[in-house]
Amino acid sequence: MQTHIVKINPKKINHKKINLAAEIIKSGKLVAFPTETVYGLGANALDKNAVKKIYKAKGRPSDNPLIIHINDKKDLAKLTLNISKDAQKLIDKFWPGPLTLIFKKTTLVPKETTAGIDTVAIRMPQNSIALALIKASGFPIAAPSANLFSKPSPTSAKHVSDDLNGKIEMIIDGGNSQIGLESTVVDTTEKFPIILRPGGITKEELKKIIPNITLHPAVENKKIKINKLKSPGLKYKHYAPKAKIIFIEKKGKIIPKIKKILQENTDQKIAIILTNSKCNFPNQYVKFIGNDPKIIARNLFKLFRKMDDIKMDLIIIEGIDAKNLGLAIINRIKRATYKVI
Ligand code: TXA
Ligand code: MG
């Protein structure tokens, strides 16, 4: 299959091109498109055969449900059985935006989209191309991140094409993703909302609207039984570059720790990613990425992919504070990590 790559300027939407992409979605096929978080691999969420193609193209296990993207809050009514008061508050405050909410689903949503469970994940993205595509398709669009299973999420059309060229009909190139990490996933079906995945909307922002909101223990990497996992995606080791990562938490002196790792791994090709410390290690690949969480988030997955391109064996990453976007950044690094010290 030939994959067509179509450039669209998010600030000046070309509706002819959007309509071409929408025709592909309507015919039950796949289009990768930009969102403000990461690129998504879209299909008609209400067509089970179209949705199956997503799992096939990504090599995604069929027990990991997809997020449905809508362009109009009114569409929620036909997809969900109940919208709690808290859910409504979150919708009013954060949609369109990088927040995915879990609801009880209606029978309109095929079980293939939700991997057989009776809840459904929904978000209204902010990206103008994503919104225009959903509108022109006339269907809600199911879209996981547009990467191969276990690869870092794509934050540019090139990343998508590196993973999925020849496997999907079209990639819309709308430039680099603004946020660079996936949406925050919040379960609204329990008494109090629970954060299942930290992401583009921070816990601090959510707490201002819902003081009782909690973090699911799996987010903090607490060991829990797989069957107690609320979000099937949490059990998979995601976002992994091929190199092993050693994550050095932000406590105590870091330089001696790095030196020790270097001594213990003399046969490895090592990258050292620094956030706070400015230090040189002669003969090593050293990259200083700064400590602004917004900038780290925007560049993290690109960095992971680059480490694969330059065939690093080991990546040492200096920790940052686990607050605001830092929580999501640390979560993604830890889920790709070999060792936390
Ligand atoms: O920012 C994003 O959320 C991107 C863009 C494309 O929108 N999408 C994305 O999708 O990250 P994906 O499939 O890579 O991650 C979806 C996460 C998975 O961890 C999945 O397990 C969880 O959401 N999820 C989906 N439906 C769920 C449900 N009904 N209950 C609990 N978790 C669910
Ligand atoms: Mg993903």
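See above for the structure.
Residues numbered from 1 in each chain as written. Chains lettered and ligands numbered in written order. Predicted model: local features only at pLDDT ≥ 70, side-chain atom pairs only at ≥ 80, totals over all residues. Heavy atoms only, no water.

> Sorry, what's going on with unusual backbone geometry here?
Leaving glycine aside, a negative phi is the common case for residues, and trans is the common case for peptide bonds. Along the chain, W95 connects to P96 via a cis peptide bond; the corresponding omega equals -5 degrees. Mapped onto the secondary structure, P96 falls in the loop between α4 (85-94) and β5 (99-104). The residue N283 is not glycine, and still its phi comes out positive at about 70 degrees. Relative accessible area serves as the criterion here: at 81%, N283 is assigned to the exposed category. In this model, K311 sits at a positive phi of 55 degrees, which is unusual for a non-glycine residue. Structurally, the position occupied by K311 is in the loop between α9 (293-309) and β15 (314-318). (Helix = DSSP H or I, 4+ residues; strand = E, 2+ residues; numbered from the N terminus. Buried < 20%, exposed > 50% of the residue type's maximum accessible area, 1.4 Å probe, protein only.)

> What is the right way to look at the pattern of salt bridges in this model?
When charged atoms on two side chains of opposite charge get close, those side chains can pair. Going through the model one piece at a time under the given rule, you end up with 16 salt bridges. Where D118 meets K104, a salt bridge forms, and the shortest distance between an N and an O atom there is 3.8 Å. In this pair, D118 is assigned in the loop between β5 and β6 (119-123) and K104 in strand β5, connecting sequence segments 14 residues apart. For K104, a relative accessible area of 36% translates into the label partly exposed. Between K151 and D163 there is a salt bridge; the shortest N-O distance is 3.8 Å. Separated by 12 residues along the polypeptide, K151 in the loop between β7 (141-142) and α6 (157-164) and D163 in helix α6 bring together distant segments of the chain. (Salt bridge = Lys/Arg side-chain N within 4 Å of Asp/Glu carboxyl O.)

> Explain the packing of α9 against helix α10 (residues 325-335) here, please?
Packed helices, taken two at a time, are described by the angle their axes make and the gap between the axes. Between α9 and α10, the least distance of the axes is 9 Å, while the angle of their chain directions is 20 degrees. Taken as axis vectors, α9 and α10 run roughly parallel relative to one another. Where α9 crosses over α10, the two elements pack in a sense that is left-handed. Contacts from P293, K294, I296, A297, L300, F301 and F304 in α9 reach L325, G326, I329, R332 and I333 in α10. Within the contact of α9 with α10, the residues separate by chemical class into 9 nonpolar, 1 polar and 2 charged. (Axes fitted to C-alpha atoms, helices over the stretch in contact; angles between N-to-C directions. Parallel < 35°, antiparallel > 145°, perpendicular 65-115°, else oblique. Left-handed = near helix turned anticlockwise from the far one by under 90°. Contact = heavy atoms within 4.5 Å. Nonpolar A, V, L, I, M, F, W, Y, C, P; charged D, E, K, R; others polar.)

> How should the sheet that holds strand β16 (residues 339-340) be read in this particular structure?
Hydrogen bonds along the backbone pair up the strands of a sheet, which may run parallel or antiparallel. The sheet built from 5 strands is open, its strands ordered β14-β13-β15-β12-β16 with parallel pairing. Edge positions in the sheet fall to β14 (285-288) and β16, since each has one partner strand and no second. Bridge count for strand β13 (residues 270-274) against β14 is 4 bridges, and the pairing is parallel. Bridge pairing in β14 places A271 opposite Y285. (Pairing = 2+ DSSP bridges.)

> Got a minute to help me understand the side chain of H69 in this structure?
By secondary structure assignment, the location of H69 is in strand β4 (residues 67-69). Relative accessible area serves as the criterion here: at 3%, H69 is assigned to the buried category. Reaching out from H69, the side chain makes a polar contact with the backbone oxygen of I67 at a distance of 3.3 Å. (Polar contact = N/O pair within 3.5 Å; in protein donor to acceptor, adjacent residues only side chain to side chain.)

> Quick question: what am I supposed to make of the nonpolar core here?
A general tendency of soluble globular proteins is for nonpolar side chains to be buried together. Counting 45 residues, the largest nonpolar core has L41, W95, L99, F103, I122, I168 and L206 as its most contacted members. Among the elements of the structure, β3 (40-44), α2 (48-58), α3 (76-79), α4, β5, β6 and α6 are those that each provide at least two residues to this core. Listed in part, the 24 residues of the second largest apolar core include F247, F304, M312 and I317. (Core = buried A, V, L, I, M, F, W, Y, C linked by side-chain atoms within 4.5 Å.)

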